[in-house]
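Breakdown of the fold
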Amino acid sequence: MNRNEQKVVLVTGASAGIGKATVELLLQEGYIVYGAARRIEQMKDIESKGARIIAMDVTDETSMSNGVYRIIREQGRIDVLFNNAGYGAYGAVEDVPLEEARRQFEVNLFGLSRLTQLVLPYMRRQKSGKIINTSSAGGKVYTLLGAWYHAAKHALEGFSDCLRVEVKPFGIDVIIIEPGATDSEWAEVVFEHVQTTSGSTAYSIMADAFIKALKKPGAVYPPTRIAHLVSKAIRSKKPKTRYVAGNARPVILVRRILSDRMFDRILYRAFNI
Ligand SMILES: NC(=O)c1ccc[n+]([C@@H]2O[C@H](COP(=O)([O-])OP(=O)(O)OC[C@H]3O[C@@H](n4cnc5c(N)ncnc54)[C@H](OP(=O)(O)O)[C@@H]3O)[C@@H](O)[C@H]2O)c1
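So, a few notes on the structure that sits alongside this text.

Rules used throughout
Residues numbered from 1 in each chain as written. Predicted model: local features only at pLDDT ≥ 70, side-chain atom pairs only at ≥ 80, totals over all residues. Heavy atoms only, no water. Salt bridge = Lys/Arg side-chain N within 4 Å of Asp/Glu carboxyl O. Helix = DSSP H or I, 4+ residues; strand = E, 2+ residues; numbered from the N terminus. Buried < 20%, exposed > 50% of the residue type's maximum accessible area, 1.4 Å probe, protein only. Pairing = 2+ DSSP bridges. Axes fitted to C-alpha atoms, helices over the stretch in contact; angles between N-to-C directions. Contact = heavy atoms within 4.5 Å. Phe/Tyr/Trp six-rings, centres within 6.5 Å; stacked < 30°, edge-to-face > 60°. Lys NZ or Arg CZ within 6 Å of the ring centre and 35° of its normal. Lys, Arg positive; Asp, Glu negative; His and termini not counted.

Quick notes on the pattern of salt bridges
Using the criterion set out here, one finds 13 salt bridges in the structure. Of the charged contacts in the structure, one is a salt bridge between aspartate 45 and lysine 20, with a shortest N-O distance of 2.8 Å. Of the two residues, aspartate 45 sits in helix α2 (residues 44-48) while lysine 20 sits in helix α1 (residues 17-28), which places them 25 residues apart along the sequence. Overall, the relative accessible area of 32% leaves aspartate 45 in the partly exposed class. Notably, a salt bridge pairs glutamate 24 with lysine 49, separated by 2.9 Å at the nearest N-O pair. Of this pair, glutamate 24 sits in helix α1 while lysine 49 sits in the loop between α2 and β3 (52-55), and the two are 25 residues apart along the sequence. We classify glutamate 24 as partly exposed; its relative accessible area is 23%. Taking relative accessible area as the criterion, lysine 49 reaches 51% and is therefore assigned exposed. Each of Lys140, Glu157, Asp161, Arg164, Glu178 and Arg242 takes part in one network of salt bridges that share partners.

Digging into the sheet that holds strand β4 (residues 80-83)
Pairing is parallel across the open sheet formed by seven strands, whose spatial order is β3-β2-β1-β4-β5-β6-β7. Strands with a single pairing partner mark the edges of an open sheet, and in this sheet they are β3 and β7 (242-244). Each neighbouring strand pair of the sheet contributes to a mean axis angle of 15°, computed without reference to strand direction. Along the sheet face, helix α3 (residues 61-75) touches β1 (8-12), β2 (32-37) and β3 and points at about 155° away from the line of β3. Helix-sheet contacts for helix α8 (residues 223-235) involve β4, β5 (129-134), β6 (172-178) and β7, and the interaxial angle to β5 is about 155°.

Some points on the packing of aromatic side chains
What the rule picks out here adds up to seven aromatic pairs. Measuring from ring centre to ring centre gives 5.5 Å for phenylalanine 210 and phenylalanine 271, while their planes differ by 10°; the resulting arrangement is stacked. Taken together, the positions of phenylalanine 210 in helix α7 (residues 204-215) and phenylalanine 271 in the segment after α10 (260-270) put the pair 61 residues apart, joining distant regions of the chain. In this structure phenylalanine 210 comes out as buried when scored by relative accessible area, which is 1%. Since its relative accessible area comes to 9%, phenylalanine 271 is described here as buried. Connected via pairs of aromatic rings, a cluster forms that spans Tyr90, Tyr149, Trp186, Phe210 and Phe271. Directly above the ring of phenylalanine 191 sits lysine 215, whose terminal nitrogen or CZ lies 4.9 Å from the centroid.

What about the side chain of glutamate 100?
Summarising the element assignment, glutamate 100 is placed in helix α4 (residues 98-126). For the buried glutamate 100, which has no salt bridge, the nearest side chain bearing the opposite charge is arginine 103, at an N-O separation of 4.7 Å. Look past the residues within four positions of glutamate 100 in its chain and what remains in contact with it is Tyr87, Ala89 and His193.

Written as structure tokens, this is what we have:
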């Protein structure tokens, strides 16, 4: 890519897992990449590889608007927003404080929507752009102790579909990425939430079984697999509306085929409950 062809990309959640792997891949592919997260010390490695680092909390208006304005000031444009920051506020509904539930939506949905609002005027002016949102197989299925995470990811699926039809006439694509289990810091954060929220309540047996089942070695993808899906979506002239990771496909298919009660039974069996 020569300088004039280089696309400008903003990746959130760039300090770990899927976001960091995507920044590294896009840098190798010649993009101008801005990586955003709260822990800037965790982004020194990608900075040394050429990423521009932004300290950003997606629950904080000032850090989000400053981040976007900096990109426009430095590059004059923004071609891709990869909305990827997220975490899982797992725990039983009875136990999760509503303040934490609201925070789950702030990070996984409202932060992403605010960043989208901030970049859209520039993308409309350019008559082009791609907004890529990391959902999850969990945006299509459900599991034990995941009410707020799944609610936020299901909401993100609906939000992204509505946004896609709104902005298509302006030349802007909206793309959903649906990873399955991926090797990152995500699971550790989930274990911590489950343990502290429901580890010693009426749901403790379920919490223990949940952690045990998730810790079993299984079909976990490296985050680079998701990075390649994002890269494919960026390169495509006619991107798909959804890119489903290979290991997310079977669970989404099973959910589609089975009745709710049958899927519930499979969950209990999978978690040994
Ligand atoms: N791993 C999986 O199995 C899996 C499966 C399906 C979907 N996903 C989704 O994939 C996305 C990336 O997760 P991951 O697996 O890469 O997990 P991860 O390794 O835990 O990375 C999460 C990223 O989100 C950032 N983040 C969290 N809260 C933030 C906030 N308030 N403001 C700004 N950044 C914030 C973190 O950065 P800081 O803490 O430095 O801010 C970190 O860079 C998430 O949306 C997740 O739900 C993951």
